[in-house]
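Observations on the model geometry
One-letter residues, chain by chain:
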Amino acid sequence: MVQPASEPIIRCSGLSIGYVDGIGATTRVVDHVSFLLEPGHSIGIVGESGSGKSTLARALLGYLRGGGRFLGGQLEIDGVEVTSAATASIRALRGLRVAMVPQNPLASLTYHIPVGRQVEEVLRARRGLLRLEAEQRTVALFSEMGLPDPEIIGRRFAHQLSGGQRQRVVIAAALACDPALLVLDEPTTALDKTTEAQVLELVQRLRSQRGTALVLVTHDLNVVADTCERVIVMKDGCIVEQGPVTTVFRRPSVDYTKTLLDASLDLTGDAPSANTLADVLVNAEKLSFSYGTGGWFKRPQRQARPTLDRVDLALGRGEVLGVIGESGSGKTTLGLILAGLLASDQGALALEGHSIAMVAGKRRPEMRRRIQMVFQDPLSSLNPRQTVLAAVMRPLRLFFGLNRNAAREKAASLLSDLGLGPEYLDRYPRQLSGGQQQRVAIARAFAAEPDVLICDEITSALDASVAGQVLEELNAMRRRHGTSVILITHDLAVIWRMASRVMVLKDGIVIEAGSTGDVFAAPKDPYTAALLSSATRVKRLNEEPTPSSLINEIAHVA
Amino acid sequence: MLIAALRRVLLSVITLVMLAVFIFIATEIMPGDALDVSLSADEIAMIPPERLAKMKQDLGLDRPAHERLLAFLNGAITLDFGKTLISKTPVSAIIGYPLRNSLILAGAVLLIAIPLALAIGIAAAFWKGRAVDHLVSTGSIIGYSIPEFVIGTILVMLFAVAWPIFPATITASTRDPALTLLASSPLAVATVLIGSIAYLARLLRTGMVDALASDFVERLRLTGIPEWRIVFLHALPAAVVPSLTALALYAASLVSGIVVVELVFAYPGLGQELVRGVTRREVHVVQAIALCSAAVVVALNLLADLAILMLDPRTRRA
Amino acid sequence: MRLFIQRLFRRPLTMLGLLLVAIHFGIALAAPWLTPHDPLKLLDAPLEQPTGVYWLGTDELGRDFFSRLLLGGQISIVAAACAGLIAAFGGGIIGLATAYHRGLFDDVVSRFVEMKLSIPSILLVSLFVTGFGQSLAVLIGVMGLIYMMGVIRTARAQGILIMEQGYVKAAKLRGESASAIILREMLPNIADLLTVEFALRTSSALLLVSALSFLGLGVSPPTPDWGSMIQSGLQSIRSEPWLILAPALCISTLVIGINFATEGVADLLGLEAARGATGQ
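Bear in mind that the values here come from a model prediction, so they are computed numbers and not experimental data. (Residues numbered from 1 in each chain as written. Chains lettered and ligands numbered in written order. Predicted model: local features only at pLDDT ≥ 70, side-chain atom pairs only at ≥ 80, totals over all residues. Heavy atoms only, no water.)

**Considering the overall build of chain C**
Helix and strand content of chain C: 12 helices and zero strands. For chain C, the succession of helices and strands along the chain, N to C, is α-α-α-α-α-α-α-α-α-α-α-α. For chain C, the C-alpha atoms occupy an extent of roughly 75 × 50 × 30 Å along the three principal directions. Taken across its 280 residues, chain C has 58% of its residues classed as buried. Taking the contacts inside chain C whose residues are at least 6 apart along the sequence as the reference set, 70% of them involve residues at least 24 apart. For chain C, the accessible surface area stands at approximately 10,800 Å², while carbon and sulfur atoms represent 68% of it. Charged side chains of chain C number 19 positive and 19 negative; the gap between the two group centres comes to 10 Å. (Helix = DSSP H or I, 4+ residues; strand = E, 2+ residues; numbered from the N terminus. Buried < 20%, exposed > 50% of the residue type's maximum accessible area, 1.4 Å probe, protein only. Contact = heavy atoms within 4.5 Å. Areas by Shrake-Rupley, 256 points an atom, 1.4 Å probe, with all protein chains shown as cover. Lys, Arg positive; Asp, Glu negative; His and termini not counted. Charge placed at Lys NZ, Arg CZ, Asp CG, Glu CD.)

Structure representation (structure tokens):
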């Protein structure tokens, strides 16, 4: 696997890339980046959105999106200086010497052409294979990727495949011409954790069998931990830290890397302790939901299984209940039903033992006040045409009949509890950062003085450092107001920090529930175990050095 | 796939029936009856009451509205739209040939406009932001901002008066064969073409710009697939699909344009009959023309829907 | 706002469009004071050549052509703008309401919109003119209705996106009424869109009115209107071509101006210029 030191496949020194906008102003998104990659080796590029990692990844194929310019430095790929090379010689690299697996496999496959034909096209256009050869080669590639029934799959369209299958097809297309370097851009973001593990395993296997060098771009440190030898941490276009994965993740030398690492799940501490459920505030039974049967004139939409299937839930007074689930698990639907924004197909909902209507509009105002919600996307949860003051004041005036001045005072005090000064009152949402927007949304929810607050992925759109602060402030607010919180998230670290009890949702069904400490220490369901295992890869590096990373470290030291 | 196609055919039929009902209501029920509409109040006052009643009976106006509606729908299916109020000629005889002639004009325009608009739209999108693109965008705005009758009149002034290479008005008569009609009306075709190309090219440019910005095009470029394959085999079908859904608007505006242009050039089509029908307040003629042109639009829409089914496999699951 | 104006100045075509619109509206407003002669009065022999007295000569009835030209846009502009206003406002509210309620109400409205969109506008107007008789009010009403259909579609599509936003969900959670949510939370967020729709529909309506006048179904004589002026100019196409060219230039520059301006402003507002405009 490790080849004798030869010419590096990537030689990047002082590389800067910027985008020029319509008026001619340049924004620098990659700033003096330098690194090397030897043939057959692997490197991970981690960073949050906006760190420039995707731009860098595309630059490795000599490709910049519209308006992109190389501003300086060198980037040599397989001996070709792509910052200055002619279009033809860059074209010659792509697909043949360096290939890319893009982020969203569904959108990255042409929807109107069968997937097999798309892989054949690569072989025919780039390798000059004849139709029959290309067909046979594609089938062989598909079976190498572990796709079932390769001939049949090849005749399907992208939308007819599962997420994991699509990702395998895209990898097959990238590897069709046996490139020396494979760039993967967020290869697992669109996949669930079980599939993610399988795809990462496939990537590992292909690398060891084919000796392809690997660049893996991701926001998820856990993905890098298992797959790569070295890691580059990027922030605002600069490399803040680089080195062997084990070294960087065990002994980060930069605060930013520490923040990123802190945001990932660390089971060494204690989860909030769970009391026995004596004082039940919300009780929900058999909540179920199936998406629409279309309208009168529309095609009836058949759905194989309900989005939410007979979910029971009990929330104690003052506690934080975590709901874990990946996209498509029905966790957001559950949140909307509890809030009264969707009506459950069956079952019952009770607050303090009194049954309440399923739809918010049919509840008494007092009941509506007592259940509030904070949404995922901070920008969209505030009306762009209303000031912060208008947003926070509305519930105060509606539920408590406060006059303008009193409401303004109260709004200011709510905001200051969340670390926002009175100067923010008259701003519009677009003038705030993501973290500030989410604080305003939290203030608006607390303005109603709710008993129950439903938080749906409230930190997933925020940077790790900001997310941590927002969660701290939420925790302080809920303690002060004695509010019970239902915390819906895909992030196990958030649950571990905040929730005393947890339920795991998969395909609309609760597959596991209990106190956070118990569930995380000894998951009963294999799915929960898979979630935990993928979330704790970074931390497991601290415990036992994996053989492969040890070898790599030695190889790099040598 | 077959079920999805049948579903669309059925929906078109429903739309057509609703259209027929709407057209009937719009003309017959709201403002008095057909006779009040065709004759002015003075004229009605002149006619003795018993003759008026007889006239109403002849025209079936004494029957209740829902019965007349059923009769109208029934007639529409058998292409029997009744007789004109004054000359008592069957409406279908009046509009038969003009309908054919208008369809010939529309067909000729579509046949030329679609390939040209495709070429222009693809070029503009491919060289987005360059001179070609600006030229196409600006040109197309100008193209559909000038009324058809102005374009037609100016073409006549240029190519029939100032430099007389084409006839100013159409010399062919209503029942001439298709080619004779077309040969005598190059300026009429050109007039409708200008607006059509402007509109379609812009539509296709937008579709193509979106398609070229899609993730699959980026993946293909990153794999080194030749640009012509990307543009024509991958992006083009994806660009045509959204344009097809906008075809309804275009088809309707095409019919409107043709009506006007027929008047400018005295082309023996539905437009002529329509204006004659409206000025003489021949309700049945106007109804029949409205229904026929709506049927053309609905049919074009159906074709577009079926083409989408062919091009986009995602729409096929029944 | 300042940035917006700065960007506006970088677009020569948009500026040209705004200038053309300003000139036309200025003339239409000031026309009664600008006209050198009574536009309705038969002053001289028909089809006089241009002179110092009659700057563009006289028309086929011997009326001062220049005065008629200045006034020829008034009625069309007013009618088109009224129709545009009805379309944008009504369509905006109905579109948002369908997006809010969905279900049967939405289905019925959507079907109706689709149906109306497949009747060519000239035919729809003809239908109503045959039914109600030829009057400006009927014309404005029918055009408003026709163009409302397209606006309902756009507003509905936008409304469905807005319904998914957190602030609408939060408002529902507070138990705000449907009309409060539509008017307070949703409408302000499509104000930009409706402004652009208003401009686009006005330009379409202008094209339609002038075509109708040309056909003799729109603004009725003797009121001057560019469409009918071109129609009567056809008689003297060989001898007095300016009787056609002048009104043709007026109507064309007005509509081009509106569309240039709208395109640029929509682009700056980040709206997708209503996807290939509206057709007629």
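**Regarding the packing of aromatic side chains**
With the rule as written, the count across this model stands at seven aromatic pairs over all chains. Pairing A:Tyr111 with B:Phe216 gives two aromatic rings, centres 6.4 Å apart and planes at 80°, and the pair type is edge-to-face. With A:Tyr111 in the loop between helix 3 (105-108) and helix 4 (115-127) and B:Phe216 in helix 11 (residues 215-222), this residue pair bridges two chains. The pair A:Tyr111 / B:Phe216 is uniform in exposure class, with both members buried. For the ring pair B:Phe159 and B:Trp163, a centre distance of 6.1 Å and an interplane angle of 50° mean the geometry is tilted. Overall, B:Phe159 belongs to the partly exposed group, its relative accessible area being 25%. Here B:Trp163 falls in the exposed class, since its relative accessible area comes to 53%. For A:Lys506, the ring lying beneath its charged end belongs to A:Tyr527, and the centroid distance is 5.1 Å. Here B:Arg314 stacks its cationic end above the ring of A:Tyr111, 3.7 Å away from the centre of that ring. (Phe/Tyr/Trp six-rings, centres within 6.5 Å; stacked < 30°, edge-to-face > 60°. Lys NZ or Arg CZ within 6 Å of the ring centre and 35° of its normal.)

**Quick look at the interface of chain A and chain C**
You'll often see interface size given as the accessible area lost when the parts meet. Residue-level contacts link 26 residues of chain A with 21 residues of chain C. For the pair chain A and chain C, the two sides together bury roughly 2,200 Å², of which 57% comes from carbon and sulfur. Summed over the shared surface of chain A and chain C, the result is two salt bridges. Among the salt bridges present, the one from C:Glu176 reaches A:Arg394, with a minimum N-O distance of 2.7 Å. Counting the contacts that link chain A with chain C gives eight residue pairs in polar contact (both at pLDDT 80 or more). Looking at the side of chain A that touches chain C, the elements that each hand over two or more residues are helix 12 (331-339), strand 16 (371-374) and helix 14 (388-400) of chain A. The biggest single contributor to the side of chain A that touches chain C is helix 14 of chain A, with four residues. Residue composition of the side of chain A that touches chain C, grouped by class: 15 nonpolar, six polar and five charged. (Buried area = accessible area lost by both parts, 1.4 Å probe. Salt bridge = Lys/Arg side-chain N within 4 Å of Asp/Glu carboxyl O. Polar contact = N/O pair within 3.5 Å; in protein donor to acceptor, adjacent residues only side chain to side chain. Nonpolar A, V, L, I, M, F, W, Y, C, P; charged D, E, K, R; others polar.)

**Description of the nonpolar core**
Counting 213 residues, the largest nonpolar core has A:Ile171, A:Phe249, B:Met208, C:Met143 and C:Met186 as the members making the most contacts within it. A total of 15 residues in this core trace back to one element, the largest contributor, which is helix 10 (residues 186-212) of chain B. Two domains each provide a minimum of three residues to this core, namely domain 1 (2-77) and domain 2 (96-279) of chain B. Aside from chain neighbours lying at most four places away, what touches A:Ile171 is A:Val101, A:Met145, A:Val199, A:Leu202, A:Val203 and A:Leu206. Counting residues in hydrophobic clusters, the runner-up holds 54 residues, among them A:Ala407, A:Tyr424, A:Ile442 and A:Cys455. (Core = buried A, V, L, I, M, F, W, Y, C linked by side-chain atoms within 4.5 Å. Domains from an automatic or database assignment.)

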